[in-house]
Amino acid sequence: MVSRLVLVLGDQLSPDIHALREADRAEDVVVMAEVMSEASYVRHHPKKIAFLFAAMRKFAARLREDGWTVDYTELDDTENAGSIPGELLRRAEQRGAAEVLATEPGEWRLIEALNDCPLDVTQLSDDRFLASHARFEDWAKDRKELRMEWFYREMRRETGLLMEGGEPAGGKWNFDHENRKPAPGEIDYGGPMEFTPDEVVEEVLDLVEARFGENFGDLRPFTLATEPGQARRALTHFIKNALPKFGDYQDAMLEGNGFLYHAHVSFYLNAGLLSWQEICEAAEEAWRQGDAPINAVEGFIRQIIGWREYMRGIYFLQGPDYTSRNILRHDRDLPGFYWGAETRMNCVGSAVRDTKEHAYAHHIQRLMVTGNFALLAGIDPHQVHEWYLEVYADAYEWVEAPNVIGMSQFADGGIVGSKPYISSGNYIDRMSDYCGGCHYDVKTKTGEGACPFNLLYWAFLDRHRDRFERNPRMGNMYRTWDRMKDEKRDTILAEAEEFLGRMEKGEVV
Ligand code: FAD
Ligand code: DLZ
Ligand code: SF4
């Protein structure tokens, strides 16, 4: 007879996770399980599943070495109950336990499943984050607008990161205006550190190939870190070789190089292989040593203690219905080229190719290429949300949904962003080398070869005029639209409609 089970989920692979801290190594039994319900509630990219299963197996081995008793269920175990509550029930019966210590999952779906589980389940706060739910609610209460920048400044003060005597280091909170350089001609960074699969990883790769080989995405080559030591080496490699230019080229995009100077650590951080503290401290130290400039380090730290924490706060503040928001009433189906079907739009094709290969694309590809297109084309935001949840190895609803439903699709009506992130082809042309190799001509606004982003941009503004024309940050856009001749406006709208019609019929666009 044991007193309690201790649940550790696939994205809770931190040795000091709350449930383990509260548990008794001598008495309690840790439960970890590879289950179909988690592996198939969306059709995850095979790399995401392989990464988590391999990291879970190694974490369980490490817990055993540390003296824990671990009941670990592999996906192919004949007794596998198929779901997290099912596995808890099975282990509870085997072990004669009735009580479960869990750390709150990062998705409402699973929080509710644990609430409904007929065992005595305690869900402890996931305190691997800087801001607790209460801390975020306190910040949000009585505010008319929940702008990330104000939240971020409080987090800087609370952590002391990049602070000097109560003032922001370098005299400014935000160095973003220095961080908008277009794609560089040459990249002097070879990309993230890669790891050769060991025996544990190889076994998982075979399993994932057999069970999830049909899912969208390339399983091999598989080079992700699957244990904390490797993840730390990957972090050090980034800090030394890429962080100095992270700020300058944060928004740039290059065909065939989806990494640029980005950190490529979100999977490790979100699954618990790295902590936000060690990442931010390493970045700050690089600045203090004079190895990286303030614009890079401030921009990087803002993503983590600012955006990441803010997004999580929004997800839990908004509640379980957040992913069904659709304020713009967009209802088109996600086109096949999001799943790798042919497209003549080089920017979209490239971002999808990077995604398929690596289960990764960087922020601006996600926001200003695939996200921008979906928003301009009026795609159902729930389908867009599911796509992002499926295809990226760092995707869990707590972080994916506010980025997609909020920031990218404006489906929450402006909680995350004060205006929609939309752009015509101009922005993509300025920040990338995509347009040079495209079937369409970014400089052409209408007629043969006109870039679809140009057509759809104006059609979006026209379609949502009632909602956006009084937005002070969008007035210029409407003034430009209104200055066009009636004839030109009519042509743009007709060609946008025609493009969408062809896309909906499944023609190659
Ligand atoms: P870098 O660009 O090097 O940034 C460093 C770290 O900052 C990241 O590892 C991440 O932890 C954090 N970060 C940066 N931007 C954000 C942000 N907007 N929200 C939260 N954290 C941020 N991030 C996820 O972790 N999971 C997702 O499912 C996810 N979905 C996204 C969907 C859309 C439409 C958009 C626009 C962004 C999404 N992001 C998501 C945020 C961001 O794109 C990724 O965190 C980033 O690309 C991860 O790569 P990196 O580690 O190289 O990040
Ligand atoms: C994403 C994922 C996958 C693919 N598989 C498992 C699994 O088999 N077992 C598990 O414990 N967790 C898995 N996860 C992570 C969970 O889906 C994640 O904990 C929830 O979505 C909450 O963030
Ligand atoms: Fe994308 Fe338009 Fe540029 Fe082609 S021309 S790459 S569709 S922005």
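In this text, all values refer to a predicted model and were calculated from it rather than measured experimentally. (Residues numbered from 1 in each chain as written. Chains lettered and ligands numbered in written order. Predicted model: local features only at pLDDT ≥ 70, side-chain atom pairs only at ≥ 80, totals over all residues. Heavy atoms only, no water.)

### Quick notes on the overall build of the protein chain
If you tally the helices and strands in the protein chain, you get 22 helices and seven strands. In terms of overall dimensions, the protein chain is globule-like: its C-alpha atoms have a radius of gyration of 24 Å, near the 23 Å expected for 509 residues. Summarising its shape, the C-alpha atoms of the protein chain cover approximately 80 × 55 × 45 Å along the three principal directions. Expressed as a percentage of its 509 residues, the buried residues of the protein chain come to 60%. Relative to all contacts within the protein chain whose residues are 6 or more apart in sequence, the contacts with residues 24 or more apart total 74%. Of the accessible surface of the protein chain, which amounts to about 20900 Å², a share of 46% is contributed by carbon and sulfur atoms. One way to put it: in the protein chain the 59 positive side-chain charges average out to a point 6 Å from where the 87 negative ones average out. (Helix = DSSP H or I, 4+ residues; strand = E, 2+ residues; numbered from the N terminus. Rg over C-alpha atoms; globule rule 2.2 N^0.38 Å. Buried < 20%, exposed > 50% of the residue type's maximum accessible area, 1.4 Å probe, protein only. Contact = heavy atoms within 4.5 Å. Areas by Shrake-Rupley, 256 points an atom, 1.4 Å probe, with all protein chains shown as cover. Lys, Arg positive; Asp, Glu negative; His and termini not counted. Charge placed at Lys NZ, Arg CZ, Asp CG, Glu CD.)

### Some thoughts on the site of ligand 1
In the vicinity of ligand 1, 28 residues are found, and the nearest of them are H262, A263, H264, Y360 and N403. In the model, an oxygen atom of ligand 1 is placed 2.9 Å from a nitrogen or oxygen of the V265 main chain. A distance of 2.6 Å is found between an oxygen atom of ligand 1 and a side-chain nitrogen or oxygen belonging to Y360. Protein burial of ligand 1: of its 810 Å² of free accessible surface, 99% is covered by the chains. Secondary structure elements with two or more residues in the shell around ligand 1: α11 (266–271), α13 (294–318), α15 (363–377) and α17 (397–408). Broken down by element, the residue count for the shell around ligand 1 peaks at six residues, all from α13. When grouped by side-chain class, the residues that make up the shell around ligand 1 number 15 nonpolar, nine polar and four charged. (Near = heavy atom within 4 Å. Polar contact = N/O pair within 3.5 Å; in protein donor to acceptor, adjacent residues only side chain to side chain. Nonpolar A, V, L, I, M, F, W, Y, C, P; charged D, E, K, R; others polar.)

### As for the site of ligand 2
Taken together, 19 residues sit near ligand 2, with G10, D11, A33, V35 and E38 positioned nearest. With respect to ligand 2, the backbone of V35 contributes an N or O atom lying 2.9 Å from an oxygen atom. Here ligand 2 loses 100% of its free accessible area of 490 Å² to cover by the protein chains. The set of elements that each furnish at least two residues to the shell around ligand 2 consists of α2 (36–40), α3 (46–65) and α5 (108–116). The element that contributes the greatest number of residues to the shell around ligand 2 is α3, accounting for three residues. Here the shell around ligand 2 is built from residues that sort into eleven nonpolar, three polar and five charged.

### As for the sheet that holds strand β4 (residues 99–103)
Reading across the sheet, the five strands line up as β3-β2-β1-β4-β5 and stay open at both edges, with parallel pairing between neighbours. For this open sheet the edge positions go to β3 (69–73) and β5 (120–124), each flanked by a neighbour on one side alone. Neighbour to neighbour, the strand axes of the sheet diverge by 25° on average, direction disregarded. Bridging between strand β1 (residues 4–7) and strand β2 (residues 29–33) involves three bridges; their strand directions are parallel. Residue L5 lies in a different strand from β2, and its bridge partner there is V29. Strands β1, β2, β3 and β4 of the sheet are contacted by helix α4 (residues 84–95), whose axis makes an angle of about 130° with β3. The strands that α5 touches are β1, β4 and β5; relative to β5, the one it contacts most, it runs at about 145°. (Pairing = 2+ DSSP bridges. Axes fitted to C-alpha atoms, helices over the stretch in contact; angles between N-to-C directions.)

### A short note on the environment of Q250
Tracing the backbone shows Q250 in the loop between α10 (243–246) and α11. Here Q250 falls in the buried class, since its relative accessible area comes to 9%. A C-alpha to C-alpha distance of 7.1 Å links Q250 and Y261, two positions eleven residues apart in sequence. When neighbours within four sequence positions are excluded, Q250 is seen to be in contact with D176, N179, H262, Q303, H362 and I364. Within polar-contact distance, the side chain of Q250 engages the side chain of N179 at 3.4 Å.

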